[in-house]
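Secondary and tertiary structure notes
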Amino acid sequence: MADVAIQSNPVVGSGTRKRGGLQRALKRKSTAAFLMTLPLILLIAILVIYPAFYSLHLATLNKSMQRFIGFGNFEFLFKRETFWLVVKQSCIFAITAVVFKALIGFIVAHFVHNIPAKGQRKWRGMLLVPWVIPPAMSTLAWLWLFDPSYSAFNYTLSYFGIGPISWTGDAYWARFSVILVNIWFGAPFFMIMYLAALKSVPEQLYEAAAIDGANWWQRIWYVTLPMMRNIIAITTLFSLIVTFANFDIVRILTAGGPLDHTHIFATWAFRVGIEGGDIPLGASVSLFMFPILAVAAIFILRDINKRGNES
Amino acid sequence: MSTLAIDKAGPTRKTKYGSMSRDRTWALRWSYFFLILFAIFSLVPPIYMLITSLKSSAEISAATNPWWVYHPTLSNYVELLTSNQFLTFFRNSAFVSVFVVTITMLISVPAAFALSRMRFWGSATLATGVFLTYLIPDTLLFLPLFKMFAVFGDWTGIQLINRWYVLLLLYPTLTVPFATWIMIGYFASIPKELDEAAIIDGASWFQTLTRIFIPVAMPGIIAATIFAFTVSWAQFLYPLVFTTSTDQLVLPVGIITSLIKGDVFNWGQIMTGALLGAAPPLIIYAFLMDYYIAGLTAGATKG
Amino acid sequence: MADVTLRKVIKRYDDVEAVRGIDLDIADHEFVVLVGPSGCGKSTTLRMIAGLEDITDGDIMIGGDVVNDVPPKDRDIAMVFQNYALYPHMTVAENMSFGLRLKRYPKAEIKTRIDEAARMLDIVELVDRKPKQLSGGQRQRVAMGRAIVRNPKVFLFDEPLSNLDAKLRVQMRIEIKKVHQKVRTTTVYVTHDQVEAMTLADRVVVMNHGRIEQIGTPNELYHKPATRFVASFIGSPAMNFIPCRLEDVGGKLNIRITDRIAFPLPPARAARYQGVSRTDKLLLGVRPEHITEAKPHSEPGIEPFDAVLDVTEPMGMETLIYFTLEGAQICGRVNPNAGARDGSPLRLAVDLNNMHLLNEVTGVVL
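Residues numbered from 1 in each chain as written. Chains lettered and ligands numbered in written order. Predicted model: local features only at pLDDT ≥ 70, side-chain atom pairs only at ≥ 80, totals over all residues.

**Remarks on the overall build of chain A**
- A count of helical and extended segments in chain A gives 15 helices and 0 strands.
- When burial is assessed residue by residue, chain A has 40% of its 311 residues classed as buried. (Helix = DSSP H or I, 4+ residues; strand = E, 2+ residues; numbered from the N terminus. Buried ≥ 20, exposed ≤ 12 C-beta atoms within 10 Å, placed from the backbone.)

**What to know about the packing of helix α10 (residues 218–234) of chain B against helix α13 (residues 267–287) of chain B**
All names here are of chain B.
- Close contact between α10 and α13 brings their axes to 10 Å; oriented N to C, the two are set at 160 degrees. By the angle between their directions, the pair α10 and α13 is classed as roughly antiparallel. Two packed elements cross with a definite hand, and for α10 against α13 that hand is left-handed. Residue-level contacts link Ile226, Phe229, Thr230, Trp233 and Ala234 of α10 to Pro280, Pro281 and Ile284 of α13.
- Tallied by class, the residues present in the contact of α10 with α13 amount to 7 nonpolar, 1 polar and no charged. (Axes fitted to C-alpha atoms, helices over the stretch in contact; angles between N-to-C directions. Parallel < 35°, antiparallel > 145°, perpendicular 65-115°, else oblique. Left-handed = near helix turned anticlockwise from the far one by under 90°. Contact = placed C-beta atoms within 7 Å. Nonpolar A, V, L, I, M, F, W, Y, C, P; charged D, E, K, R; others polar.)

**Details of the sheet that holds strand β5 (residues 65–66) of chain C**
Residue and element names in this part refer to chain C.
- Taken together, the 4 strands give an open sheet; going across it, the order is β2-β1-β4-β5, and neighbouring strands pair in antiparallel fashion. A single partner strand is all that each edge strand has here, and the edge strands are β2 (16–26) and β5.
- Both strand β1 (residues 4–13) and strand β4 (residues 57–62) contribute to a ladder of 5 bridges, which runs antiparallel. Note that in β4 the partner of Val4 across the bridge is Ile62. (Pairing = 2+ DSSP bridges.)

**Some words on the interface of chain C and chain B**
- On the side of chain B, 14 residues touch chain C, which itself brings 17 residues to the contact.
- Mapped by element, the contributors of at least two residues to the side of chain C that touches chain B are β6 (77–80) and α2 (92–102) of chain C.

**Comments concerning the environment of Gly169 of chain A**
All names here are of chain A.
- One can find Gly169 in the loop between α8 (152–158) and α9 (171–200).
- Put simply, Gly169 and Pro258 are 89 residues apart on the chain and 6.1 Å apart in space, counted from C-alpha to C-alpha.
- Once residues lying within four places of it in the same chain are set aside, the contact partners of Gly169 are Pro148, Ala174 and Pro258.

**Quick look at unusual backbone geometry**
- Following Ser236 of chain C, the chain continues into Pro237 of chain C via a peptide bond in cis, with omega recorded as -5 degrees.
- Secondary-structure assignment places Pro237 of chain C in the loop between α8 (228–233) and β11 (240–249).
- Here the phi dihedral of Asp260 of chain A falls at roughly 65 degrees; this positive angle occurs in a residue that is not glycine.
- Mapped onto the secondary structure, Asp260 of chain A falls in the loop between α12 (248–253) and α13 (265–275).
- Take Asp260 of chain A: there are 19 C-beta atoms within 10 Å of it, and that puts it in the partly exposed class.
- A positive phi angle is found at His29 of chain C, which is not glycine, with a value near 70 degrees.
- Relative to the elements of secondary structure, His29 of chain C occurs in the loop between β2 and β3 (31–35).

**Regarding the sheet that holds strand β17 (residues 319–325) of chain C**
All names here are of chain C.
- Spatial strand order, β15-β19-β16-β17-β18: 5 strands in an open sheet with antiparallel pairing. Each end of this open sheet is capped by a strand with a single partner; those strands are β15 (291–293) and β18 (328–334). Taking the axes of each pair of neighbouring strands and ignoring which way they run, one obtains an average angle of 50 degrees across the sheet.
- The pairing of β15 with strand β19 (residues 345–351) spans 3 bridges and is antiparallel. Across the sheet, Ile291 pairs through a bridge with Val350, a residue of β19.

**As for the packing of α2 of chain C against helix α3 (residues 107–121) of chain C**
All names here are of chain C.
- Contact geometry of α2 with α3 gives a least axis separation of 10 Å together with a crossing angle of 135 degrees. Overall, the two elements α2 and α3 adopt an arrangement that is oblique. The way α2 lies across α3 gives a crossing that is right-handed. Where α2 approaches α3, its residues Ala93, Met96, Ser97, Leu100 and Arg101 are matched on the opposing element by Ile110, Arg113, Ile114 and Ala117.
- Of the residues contributing to the contact of α2 with α3, the split by class is 6 nonpolar, 1 polar and 2 charged.

In short, geometric facts, not functional conclusions.
Written as structure tokens, this is what we have:
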């Protein structure tokens, strides 16, 4: 049916005479389809595509947005030590967090998959709670758990003779803390994805592998991982984008401190652009999130094309 | 030959079997052990919210065991739920979320139907584009959008910044692409013969959508609705940037800006507010977990 | 009720011609089956009659009116799909009545029609169930019921039985025939299964590469195929084709297969093939049932020969035998008691009274 709309160009001259009605109906259908997608197109064009390009333009203006200064903002950024700190921290933050989220998600998914089926729902339900709570709300709980004077963690650790740890006050601990909270928030997503993928691996494959003499580890390496490759790749890619662009957790937990050591692109862009009132400079900072996006887009487009060719 | 093989395999098979079931028992024990560990890790923050929310400020600042409530009190809840400010935040959040969900579904369901069924010039590109849009994060767009709305206000005199309803324009950029993507996936899984049968039965395209596609794809619609709601409810950056007056704030920003006054943290109330703020998504999750998870996994399996 | 006429109907996708000019007259009340291998254009033809595909050129008429530009809902047709296409969220009754409800028929009328159709198809106790709760055969009945309640001019079936298992398929085949005998609606039925075509049709239309190869009653197609394609497509196991030549031996016409094997043609056949060139490469077409074990007494037109069997397949009431002749694998059907065994020689006989002679190059049956 769908093909008709595309391929009904009236190639045959003699045919057009008789085919007017259906042709018109198809044209109407195609117009109707266009109108149905128009709100979507407008929304994306005006509130996503346009601002994305507008930010490119903004990045070339001076602070009062009166004058074109070319790459002036970028030159300024490259000379600032804080900027390089932000680049470093963004990469450390995103890569460490994603690696641990993926790892923990994989392990937990296996444990959930291991236990009898009737208990799985309950465990899955509990383990997904961190993902369900709005991160702004849950980060407040972490902030309270990390409180300099009343930290419940330090209270507990003091029984083991450890601490007190300055969870958000010390630069290194603060970096650890924001990553920890991000892992806490994001690992359940990986867990759910992997669990869905694990369930889709046919049981016969494991049985065949077991008959071929594969041990537990070999079964994971030769059966589970190859079968889950796609899901692992796409989940990691998603998570890398989201983590790279994270705002809520760092903003609430440390607001970039101490001494800008936990700032990542998004929080620093907010600090510079909104709090500092220099929108062009902020836009320049946030543009640095673009490369990772482009890489992801290329991978996903390639994947979609590949699927298109297969089908 | 065959007897030999059996003799050989007999005893080993027996021990093998025994060790396998023992392995299995141990694997199960380890699984439960680690699951309990991870569950504690997952649930400590929300549980600690609850513990703190039941404490008076005196108990919070006392040097007692923070993990236990010695004098439980509901005063934090009473105070918040009778405070006009908090109720305003809650009302703003509810309004924004309900409207955004409505807008999202009104845009994405017809669009997904058109993209999955009534192909037209450029529709395949548009479907891919929709998915890529979903990947563009809010943190990349908030500055140009802020400037755009400021300029728009200057030109037309319509002031959108610092009005809660500006969020009705902003949140759909986060919800619509993914909701459309989910719905394209669900609609695409409906066999083509079903709409052909409907056409032969005399249904128009609109009737096919409302009487066949929407009912059949109801699980997808529920999943997309839940997704749109949770995103709207949890969004933090846009309200932080675009709204500042106390009466225009939504819950996440409201709690943080109004309950944290300088360096003074009223932790009892903050935790109570956070818990109440987390409640709607948690309740939806508790009742519609399967739809929630379906929506979560739809993005990757269909992408 | 109405007749259906196709005049030079062409369907072109970009540069691929799926249907290359079809002329077909279907009489009122007739049951016509379009049969052919996948990709032969039979489904496209049906979908053009339904209006689900527009036609590139030509005319389609239903009940004498040209319907080229008429949308499906105004053609007054009903269609049964391969995967049934039942609306999963509606009960059986709602499924059947959907079209009537869209046309705002009175409730009482709808109910009468559903009851009638349900009784005819023996699904009265299922009307309140959802499709998910039905078996394959029951779904098939509901899909037919949905077509019947509409009381259309034409029924269109698109491979309706191919999702059923073999046993159920036979049962539903009979069911469809019964329904047609009752309602007498003009029916166009598409299938790739020649047995279905033969058993159901008043007339069979064999299609190949977007063209009609032959139109005829099942018996005509079986006994008088027009082309090699029809001859090999209809009948199972398929007709044997043995490379051969004609030669004149002492004023009589012989059919020569190998240096050693040649058969004299029966007089009727000899007369018919007299004009065929003696140098043309020909094919002898013989159905398996016309290659049997040799009888002790000779009969006119039945010629004995020896063969070494490759494989035998005992079927119970008969045994299928396979042997090689001139590089072609030949299948015959012998009596189970004829002593056919794998790898053993057997004296066979070919019935030339029922033979066909084909031109190997053009594939035309002479």
